[in-house]
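Below are the chains, spelled out letter by letter.
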Amino acid sequence: MTSTTRKDLIEAAMGNRPLDLAILNASLVNVFTCEVYAADIGVLGDRIALATPAGAYDLEAASQVDATGLWAAPGFVDTHLHIESTMVTPPAYAAGVLPKGTTTSIIDPHEIGNVLGKEGIRYMIDSSKGLPLSVFVCIPSCVPAVEGAETAGAYFGPEDVAEMLTWPRVIGVAEVMDFQGVIHRDPRMLGIVQAGLEADMVVQGHSPLLKGREANAYTAAGIHNDHELRDGAEGLEKLRLGLLPLLKVSSHGNHVPNILPQMLEARHVDIALCTDDIEPADLLENGHMDRVVREMISHGVEPARAIRWATWIGAQHYGLRDRGAIAPGYRADFVLLDSLEDVSVRDVYADGELVVAAGKMTVEIPLDTLEPPGGNTVHLNPLTTRDLEPRTPIENGSVQVNTMHLLPSRLTELRTVAAEVRDGRLVLSSIAEDACFLAVIPRHGQAHSPGLSILTGLELNQGAVATTVAHDSHNLMVAGRNTEDMLVAVKALEASHGGIAFASGGQIIGQVDLPIAGLMSGKSVPDLAVDMAELNDVAVEFGITHRAKALATTGLALTVIPEVSASDTAGLLDVASQESIPMFP
């Protein structure tokens, strides 16, 4: 669509030329004043020409919509997310989130960046071009997340980031996960942040539980926001320091109940909202940004204020000055709601065009027509079962073992326990009923052997689960009760070019293929949701009760999430010190 000129808008606002569309008698959610009142909205081309009290003027328009009984709100702006975590390509993602009222997404493609480098970033930019969903890009700062603690398929230094900041639709530097590197003045991390500042762009943060002098230092470095909050004291402190909190509700957790009540004790609170990671079945069942708004309302936030947080605040923060409001000159991205309290999306307009009617897409978005980059990205060294379990310091007897314990929150903690060794092998059942071997296997052509550790808390009761979705370097990670099933699951993913696989008794019991960078399927959200629902059922059969189910292990290799993580180079890693933890102390 050709952009509407300001001259055209002035003429339409003055009534000197007809509008393309008039929305009459809507209850307008005004995000500037947090008022809700009856209004008429005039649209010319891709812009709002006027928003006036209902019935104040006789609006001449090519098309009119009587919105009596409906609420008009700006289209939702998702301020931080990873499309790859939805496991579909950008076109399929757009078709999935538009019916939920999301019209603008600010993406961090660091998942595919860690696998395919700049080629992966280019693919996400090109694949998201020309969609009804507006997609803007923040360039990953964490490829890999922590240099020296893991190995990825690519490396981005300050010069690489500076180059990519000049690419189309790029508006920021993505989450600076290595907050320890920033605080301790690591040249790479400071250089990446400085590249964003010199480009006059937003620099996203990622610093769970960071407080005090460290939080001050992180902010002073040039970080602008943070979506990884964990409690109210942290949220309030960061708000006071000028870091914009991006509160999220994702498929992997919801910390809002621990954060928002204390933050609301401040005299004035403006925050923005995001989804971060949404799994396809969760998206269809529970929603997208509409769900995040509902979560805010459930904590006593007035609906108009919650919608302000979901629209205008984020858009202005990122310099998208003409988005996030229904007002003259703004882009005509808006939704009509059946219910304000329930945030029930009925119709969605993007650039002035009706793209969703009664909850259904009115325009066809073809599945990705671009050739997926990279081909087969699962490149493994020859493996045997003995490569997947640790060598013990004794042949028989008892030994102390450092283990990783998975908590319900998806955080981890270090536990040291006594274990039995028999014929040179650990007896898992002597550690815990659900103890597993955990291996992070290099899949980007690295020469080294897998990083090994012991995992508890997954509640796996049989077989093994393997995945190439292993944030953020996305090596191949496998957890198992026995190494035979672990190897079966690994070989299945090697053959399918990536995905998630469950094996038991020497056979594959459930598998979802993600051949695009080992992260994404070429299917639609509804089709992949069916596949993932079936795989989640398998996960439950295998004893996994974590809310992430088949994806429960995918965050265990995050070298920036406390307390410990699994690494392809270090085995078990202390996140705070970034030092390897010996399995046998």
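Scroll up a little and you will see the structure.
Rules of the game
Residue positions are given per chain, counting from 1 as you read along its sequence in written order. Thresholds applied to this predicted model are a pLDDT of at least 70 for local features of residues and 80 or more for the giving and counting of side-chain atom pairs; totals over whole chains, interfaces and linings are not thresholded and use all residues. Excluding hydrogens and water, the side-chain figures rest on all heavy atoms present in the structure. For our purposes a nonpolar core is just a set of buried Ala, Val, Leu, Ile, Met, Phe, Trp, Tyr and Cys residues, chained together by side-chain atoms within 4.5 Å. Accessibility here uses a 1.4 Å probe with only protein chains present; expressed as a share of the type maximum, an area under 20% marks a residue as buried, one over 50% as exposed, and anything in between as partly exposed. Each helix corresponds to a stretch of at least 4 residues labelled H or I by DSSP, and each strand to a stretch of at least 2 residues labelled E; elements are numbered beginning at the N terminus. Residue contacts are defined here by distance: any two heavy atoms, one from each residue, within 4.5 Å place the two residues in contact. Between any two strands, pairing holds if DSSP finds at least two bridges. In this analysis, axes come from line fits to C-alpha atoms, helices being fitted only over the stretch in contact, and the angle between any two N-to-C directions falls in the range 0 to 180 degrees. The term salt bridge refers to a pairing of a side-chain nitrogen on Lys or Arg with a carboxyl oxygen on Asp or Glu at a separation within 4 Å. By the definition adopted for this analysis, an angle is roughly parallel if under 35 degrees, roughly antiparallel if over 145, roughly perpendicular if from 65 to 115, and oblique otherwise. Take the far helix as the reference: if the near one is turned anticlockwise from it by less than a right angle, the crossing is left-handed, and if turned clockwise, right-handed. Following the grouping adopted for this structure description, the nonpolar residues are Ala, Val, Leu, Ile, Met, Phe, Trp, Tyr, Cys and Pro, the charged ones are Asp, Glu, Lys and Arg, and the polar ones are all others, Gly among them. Think of a polar contact as two N or O atoms within 3.5 Å of one another; within protein, one of them needs to be a possible hydrogen donor and the other a possible acceptor, and neighboring residues in sequence only count if both atoms come from side chains.

### Regarding the nonpolar core
Then, in step 1: Judged by nonpolar contacts, the single largest core of 142 residues is most densely connected at Leu-273, Met-296 and Phe-502.
Then, in step 2: Of the residues forming this core, the biggest block, six residues, is contributed by helix 16 (residues 525-541).
Then, in step 3: Among residues more than four places away in sequence, those in contact with Phe-502 are Ala-464, Val-465, Gln-507, Ile-508, Ile-509, Gly-510, Leu-535, Val-538, Ala-539, Phe-542, Ile-544 and Ala-550.
Then, in step 4: Of all hydrophobic cores here, the second largest spans 30 residues; its members include Val-421, Leu-452, Leu-476 and Val-490.

### A word on helix 12 (residues 289-298)
For the α-helix, the turn length of 3.6 residues means that residues three or four positions removed from each other point alike.
Then, in step 1: Burial runs high along helix 12: eight of the ten residues are buried.
Then, in step 2: Restricting attention to buried positions, one finds in helix 12 the residues Met-289, Asp-290, Arg-291, Val-292, Val-293, Glu-295, Met-296 and Ile-297.
Then, in step 3: In the segment just after helix 12, Gly-300 is the residue with positive phi, at about 90 degrees.

### Description of the pairing of strand 25 (residues 499-504)
Then, in step 1: By the criterion of burial, strand 25 is predominantly enclosed, with six of the six residues buried.
Then, in step 2: A two-sided burial pattern is seen for strand 25, the buried positions comprising Gly-499, Ala-501 and Ala-503 on one face and Ile-500, Phe-502 and Ser-504 on the other.
Then, in step 3: Note that strand 23 (residues 464-467) and strand 25 share four bridges and pair antiparallel. Bridge assignment links Ala-466 to a residue of strand 25, and that residue is Ala-501.
Then, in step 4: Strand direction decides the pairing type here: strand 25 and strand 26 (residues 507-513), joined by six bridges, are antiparallel. Paired with Phe-502 across the strands is Gly-510, a residue of strand 26.
Then, in step 5: Counted along the chain from strand 25 to the antiparallel partner strand 26, the turn is two residues long, and its residue Gly-505 has a positive phi close to 60 degrees.

### A few points about the sheet that holds strand 13 (residues 272-274)
Then, in step 1: Ordered in space as 6-7-8-9-10-11-12-13, the eight strands form an open sheet in which the pairing is parallel. The sheet terminates laterally at strand 6 (76-81) and strand 13, the two strands that pair on one side only.
Then, in step 2: The pairing of strand 6 with strand 7 (residues 102-107) spans four bridges and is parallel. Among the inter-strand pairings, Asp-78 is bridged to a residue of strand 7, identified as Ser-105.
Then, in step 3: In the packing of helix 13 (residues 303-310) onto the sheet, contacts are made with strand 6 and strand 13, and the angle to strand 13 comes to roughly 70 degrees.

### So, the environment of Gly-15
Then, in step 1: With respect to the helices, strands and loops of the structure, Gly-15 is situated in the loop between helix 1 (6-13) and strand 1 (19-30).
Then, in step 2: Taking the C-alpha atoms as reference points, Gly-15 and Leu-50, 35 residues apart in sequence, are found 10.0 Å from one another.

### Re the pattern of salt bridges
Then, in step 1: Evaluation of the coordinates by the stated rule reveals 25 salt bridges.
Then, in step 2: Between Asp-8 and Arg-17 there is a salt bridge; the shortest N-O distance is 2.8 Å.
Then, in step 3: Arg-17 gets classed as partly exposed once you look at its relative accessible area, which sits at 31%.
Then, in step 4: Linking Lys-118 and Asp-160 is a salt bridge whose minimum nitrogen-to-oxygen distance equals 3.1 Å. Here Asp-160 lies in helix 5 (residues 158-164) and Lys-118 lies in helix 4 (residues 118-127), a separation of 42 residues in the sequence.
Then, in step 5: Salt bridges linked by common partners bring Lys-7, Asp-8, Glu-11 and Arg-17 together as one network.

### A few points about the packing of helix 9 (residues 232-241) against helix 10 (residues 256-263)
Axes are the key here: two packed helices are described by the angle between their axes and the distance separating the axes.
Then, in step 1: Packing of helix 9 against helix 10 leaves a shortest axis separation of 7 Å and a crossing angle of 50 degrees. With respect to their mutual orientation, helix 9 and helix 10 come out oblique. For the pair helix 9 and helix 10, the crossing hand works out as right-handed. Contacts between helix 9 and helix 10 involve Gly-232, Ala-233, Gly-235, Leu-236 and Leu-239 on the former and, on the latter, Asn-258, Ile-259, Gln-262 and Met-263.
Then, in step 2: Its residues assigned to classes, the contact of helix 9 with helix 10 comprises five nonpolar, four polar and no charged.

### Let's talk about the side chain of Ser-134
Then, in step 1: Residue placement: Ser-134 occurs in strand 8 (residues 134-139).
Then, in step 2: Within polar-contact distance, the side chain of Ser-134 engages the side chain of Arg-323 at 3.0 Å.

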